[in-house]
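Listed below are the residues making up each chain.
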Amino acid sequence: MKHLSIRFAKLACAASAALVLATLSALAADAHPPRMLIDLTRPGIPISPTFYGLMTEEINHSYDGGLYAELIQNRSFKDDATRPLHWSLVGAVADGSIALDETQPINAALTTCLKLTVPAATSGRLGIANDGYWGVPAAPTTTYRASFYAKAGADTAGPLTLTLESADGHTVYATAQVPQLTSQWKRYAVTLTTGNSAPDNHARFVISLSQPGVYWFNLVSLFPPTWHDRPNGNRVDLMQALSALHPAFLRFPGGNYLEGKTVDSHFPWKQTLGDLSLRPGHAGTWGYPASDGMGLLEFLEWAEDIGAEPVLAVYAGYSLPNDTNHAGTVIPAGPALAPYVQDALDEIEYVTGVTNTPWGARRLADGHPAPFSLHYVEIGNEDFVGDARRTYNARFAQFYDAIKAAHPALQCIATIPVTSRVPDVLDDHYYATSGEMMKLAHKYDHYDRSKPKIFVGEWAAREITRVTPDGQTAYNRMPWAYKDSPTPNLHAALGDAAFMTGLERNADVIVMNCYAPLLTRVEPAAFQWNPNLIGYDSLRSYVSPSYYAQQMFQLHRGDTVVHVSMSADPTNFFFSTTLDHATGALFVKLVNINPTPQIVQFAISGARQVAGQGTLTVLTSAHPDDTDTINDPVKVVPVTAPVDGLGASFTSTFAPYAISVLQLQTQ
Ligand code: AHR
């Protein structure tokens, strides 16, 4: 039997070198390591091509102030009915004033605008400034696209100067001019290009002038370059991170964001279509309003841009409890629910219909002639809450019957078990500590295979590492009690990975799964939930150990779970072994949750040949409470190194506190 050796030279981090040293002492200590027998002669379990995906909703400023690249907060002045939040007067207060004005609507969507009054000639500039989402980012040598609606009290007025500048106004990074306004509402668009100055995370955007008069503004917008250069598009760094996960699907628009806290505030997909000037926005669910710049078509194009298929969640007549109504609001099955069922059918037609259907034609008009490929529709979200549970059976049946009648091939996902119909798929959600997620790794081992297939539509190990005021780190198992750590630590990632081994081993039951939530701003005031997979501020972003765990599993998914038997009950580690038939690549994923290395003897049967060389990818760190942060984004990262000494039988050692993927080549 050979012993696997790691080539030091290719290892990029000190943690990995430490692992090898630990290995040598562990080898001496563990005389009877467990034996893993990998049997390729048996057929194995096919893994669904949609196995790993993403779940998203507007929470933690996932879109507004996040992925959706708009930089102006409260661009349509509706975020607060009493004052122009995030807007301020530039110039001396004595020289002018700003106020919300509802007497000058542009249309039924843009009903409130900002009025700037400049009573007399001023020697300095007068204007309006927006401080963005925790700062407007000013990146060097970057072209920004600005646009706004404006009109003046006089027949002509101007010029207007647009600047991207430091918060104190002392440094101007980019400037542009709009020569003239008229007394009619009109949209203006210009570009601003920054020079080679240092990045500023807390800049502001200013529109200013020096003429006395009255001016009105609405839908003031500023975009950086976007992914695929899409107008009204997404942040490039975040799309890169999402794309690098190679997700098979994108579940949207929620989550609780689908449902809203009142019936009126559920995701209003029809109001999110078309030109931005026609989108009124809505209340959102997580304590801040939604601009709906991320509308239904933007969700679909986002999925398209990262090669994922949409998993569409439709509103099913239940909205969440708010402060005064702890049961939530239910639209009962029957005639009252019928308009919502029709709304879901319209939505499905918008996504999938050819262009001679009414909603397919609308999608064409919105700029996307080709229908999107859709296989799964989820009816509601978490209907175990409040009054949802006792009413879901009948509500599900009404949606199911209508959807199946119109689209027999669509798979209907139920959010809780139902008896009224047999759902195609059931959505299970798990939020738990890392230790609990490790136990949940066995949840589906004894699942009744005659029951519906499972979509684990939200899951996460909820553990974080806090930085306390004295600069010490504290390991925390109740992240919701603290608002200072937006993303999970390595210990959470170990729980996630252990859980994923259980999902993979039960791939005959699990057809899809996705972590949640996906995105978060890092400023404590900006997020409502932790931990989340990917964090960012205005200019920077980073990914968490849990992100890397998922990426390691997805990139080494294979198409079949192979048959494995162990000589001893593995209580200390979690594993799954998969094969890619097309390439012969065999992936052994092993999660060692202990502070000591884990030795495993391998024997592979059923392969004509097993190559001596392979690779080992390891995600580990010195302490399980180590984590990645916006200021230290590469503290915990996976390292891939070549290994040799592999074959039909060999011994391998897996690092402590580590997620490891050993890739072998079989023939
Ligand atoms: O992921 C955060 C929330 O958790 C989702 O909106 C909801 O579905 C679940 O309760």
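What you are looking at is a predicted structure, and each value in this text was computed from that prediction instead of being measured.

Visitor: Go over the overall build of the chain, please, and point to the residues and values.
Guide: For the chain, the helix and strand inventory stands at ten helices and 41 strands. Compactness check: the chain gives a C-alpha radius of gyration of 27 Å against a globular reference of 26 Å for 667 residues, within 12% of the reference. Seen through its C-alpha atoms, the chain measures out along the principal axes to roughly 90 × 60 × 45 Å. Within the chain, the proportion of its 667 residues that are buried is 59%.

Visitor: Account for the packing of helix H5 (residues 338-352) against helix H7 (residues 388-406), with residues named and values stated.
Guide: The contact between H5 and H7 brings their axes to 10 Å, and the two run at 35 degrees. Considering the relative orientation of H5 and H7, their crossing is right-handed. Contact residues: Ala338, Tyr340, Val341, Ala344, Leu345 and Ile348 in H5; Gln398, Phe399, Ala402, Ile403 and Ala406 in H7. Of the residues that constitute the contact of H5 with H7, the class distribution is ten nonpolar, one polar and no charged.

Visitor: Tell me about the sheet that holds strand E16 (residues 186-193), and please be specific about residues and values.
Guide: In spatial order, the strands read E7-E8-E18-E11-E16; together these five strands make up an open sheet with antiparallel pairing. Both outer strands of the open sheet, strand E7 (97-101) and E16, are each paired with one neighbouring strand and no more. The sheet shows a mean angle of 35 degrees between the axes of neighbouring strands, direction not considered. Looking at chain direction, E7 and strand E8 (residues 113-118) are connected through five bridges and run antiparallel. Within E8, the residue paired with Ala99 across the bridge is Lys115.

Visitor: Account for the confidence of the model for the chain, naming residues and giving values.
Guide: The pLDDT averaged across the chain works out to 93; a share of 92% of its residues lies at or above 70. Averaged over each element, pLDDT in the chain is lowest for strand E2 (residues 5-6) (34) and highest for H5 (99). With pLDDT under 50 throughout, residues 1-29 is counted as low confidence; its partners more than four residues away or in other chains account for 56 contacts.

Visitor: I'd like a rundown of the site of the ligand, residues and numbers included.
Guide: Near the ligand you find Glu57, Gly255, Asn256, Trp286, Asn381, Glu382, Tyr431, Glu458, Pro517 and Trp529, and these make up its full shell. Here Asn381 contributes a side-chain N or O atom positioned 3.1 Å from an oxygen atom of the ligand. A distance of 2.7 Å separates an oxygen atom of the ligand from a polar atom in the side chain of Tyr431. Isolated, the ligand exposes 280 Å² of accessible area, and the fraction of that covered by the protein chains is 94%. Tallied by class, residues from the shell around the ligand come to four nonpolar, three polar and three charged.

Visitor: Explain the environment of Asp424 residue by residue, including any values.
Guide: When you line up the elements, Asp424 lands in the loop between strand E24 (411-414) and strand E25 (425-432). Between the C-alpha atom of Asp424 and that of Ile630, which follows or precedes it by 206 residues, the distance is 41 Å. In this structure Asp424 touches Tyr400, Lys404, Leu410, Gln411, Cys412, Pro452 and Lys453, once residues within four positions along its chain are discounted. A polar side-chain atom of Asp424 sits 2.7 Å from a polar atom in the side chain of Lys404.

Visitor: Account for the nonpolar core, with residues named and values stated.
Guide: Ranked by size, the top nonpolar core spans 115 residues in total, and within it Trp302 and Ile659 carry the most contacts. If we skip the residues at most four places from it in the chain, Ile659 touches Ala493, Leu494, Ala497, Ala549, Met552, Phe553, Leu590, Val591, Thr617, Val618 and Leu619. Formed by 37 residues, the second largest nonpolar core is a distinct cluster that contains Trp87, Ala152, Leu162 and Val178.

Visitor: Help me get a handle on helix H9 (residues 490-505), residues and values and all.
Guide: An ideal rise of 1.5 Å per residue puts 22 Å on 16 residues; H9 measures up with 23 Å between its terminal C-alpha atoms. Of all the 16 residues making up H9, 15 are buried; the element is thus mostly covered by neighbouring parts of the structure. Where H9 begins, one side-chain oxygen reaches toward the backbone nitrogen of His491, 3.2 Å away; that side chain belongs to Asn489.

Visitor: Give me helix H10 (residues 545-555): which residues, what numbers.
Guide: Counting buried residues in H10 gives ten out of eleven residues, a clear majority hidden from the surface. The complete set of buried residues in H10 reads Pro545, Ser546, Tyr547, Tyr548, Ala549, Gln550, Gln551, Met552, Phe553 and Gln554.

Visitor: Go over the pattern of salt bridges, please, and point to the residues and values.
Guide: Scanning the model with the defined rule gives 23 salt bridges in all. Linking Asp237 and Arg235 is a salt bridge whose minimum nitrogen-to-oxygen distance equals 2.9 Å. In this structure, the salt-bridge partner of Asp346 is Lys270, at a minimum N-O distance of 2.9 Å. Of this pair, Asp346 sits in helix H5 while Lys270 sits in the loop between helix H3 (256-259) and helix H4 (296-305), placing them 76 residues apart in sequence. Overall, the relative accessible area of 12% leaves Asp346 in the buried class. The network of salt bridges with shared partners includes Arg230, Glu301, Glu304 and Asp305.

Visitor: I'd like to hear about the environment of Ala497, residue by residue, with values.
Guide: Position of Ala497 relative to the elements: it lies in helix H9. In the structure, Ala497 is positioned 78 residues away from Phe575 in sequence and 9.0 Å away in space, judged by C-alpha atoms. Setting aside anything within four residues of it in sequence, one finds Ala497 in contact with Ala549, Phe553, Val591 and Ile659.

Visitor: Could you give an account of unusual backbone geometry, naming the residues involved and the relevant values?
Guide: Note that the residue after Phe252, namely Pro253, is joined by a cis bond; omega there is 0 degrees. You can see Pro253 is positioned in the loop between strand E19 (249-252) and H3. The peptide bond linking Gly254 to Gly255 adopts the cis configuration, its omega dihedral lying at 15 degrees. Relative to the elements of secondary structure, Gly255 occurs in the loop between E19 and H3. In the Ramachandran plot, His246 falls in the positive-phi region, its phi being about 50 degrees despite a non-glycine side chain. With respect to the helices and strands, the residue His246 is situated in the loop between helix H2 (236-243) and E19. The partly exposed category is assigned to His246, whose relative accessible area is 48%. A positive phi angle is found at Asp292, which is not glycine, with a value near 65 degrees. With respect to the helices and strands, Asp292 occurs in the loop between H3 and H4.

Parameters and conventions
- Residues numbered from 1 in each chain as written.
- Predicted model: local features only at pLDDT ≥ 70, side-chain atom pairs only at ≥ 80, totals over all residues.
- Heavy atoms only, no water.
- Helix = DSSP H or I, 4+ residues; strand = E, 2+ residues; numbered from the N terminus.
- Rg over C-alpha atoms; globule rule 2.2 N^0.38 Å.
- Buried < 20%, exposed > 50% of the residue type's maximum accessible area, 1.4 Å probe, protein only.
- Axes fitted to C-alpha atoms, helices over the stretch in contact; angles between N-to-C directions.
- Left-handed = near helix turned anticlockwise from the far one by under 90°.
- Contact = heavy atoms within 4.5 Å.
- Nonpolar A, V, L, I, M, F, W, Y, C, P; charged D, E, K, R; others polar.
- Pairing = 2+ DSSP bridges.
- pLDDT = per-residue confidence, 0-100.
- Near = heavy atom within 4 Å.
- Polar contact = N/O pair within 3.5 Å; in protein donor to acceptor, adjacent residues only side chain to side chain.
- Areas by Shrake-Rupley, 256 points an atom, 1.4 Å probe, with all protein chains shown as cover.
- Core = buried A, V, L, I, M, F, W, Y, C linked by side-chain atoms within 4.5 Å.
- Expected span 1.5 Å × (residues − 1).
- Salt bridge = Lys/Arg side-chain N within 4 Å of Asp/Glu carboxyl O.

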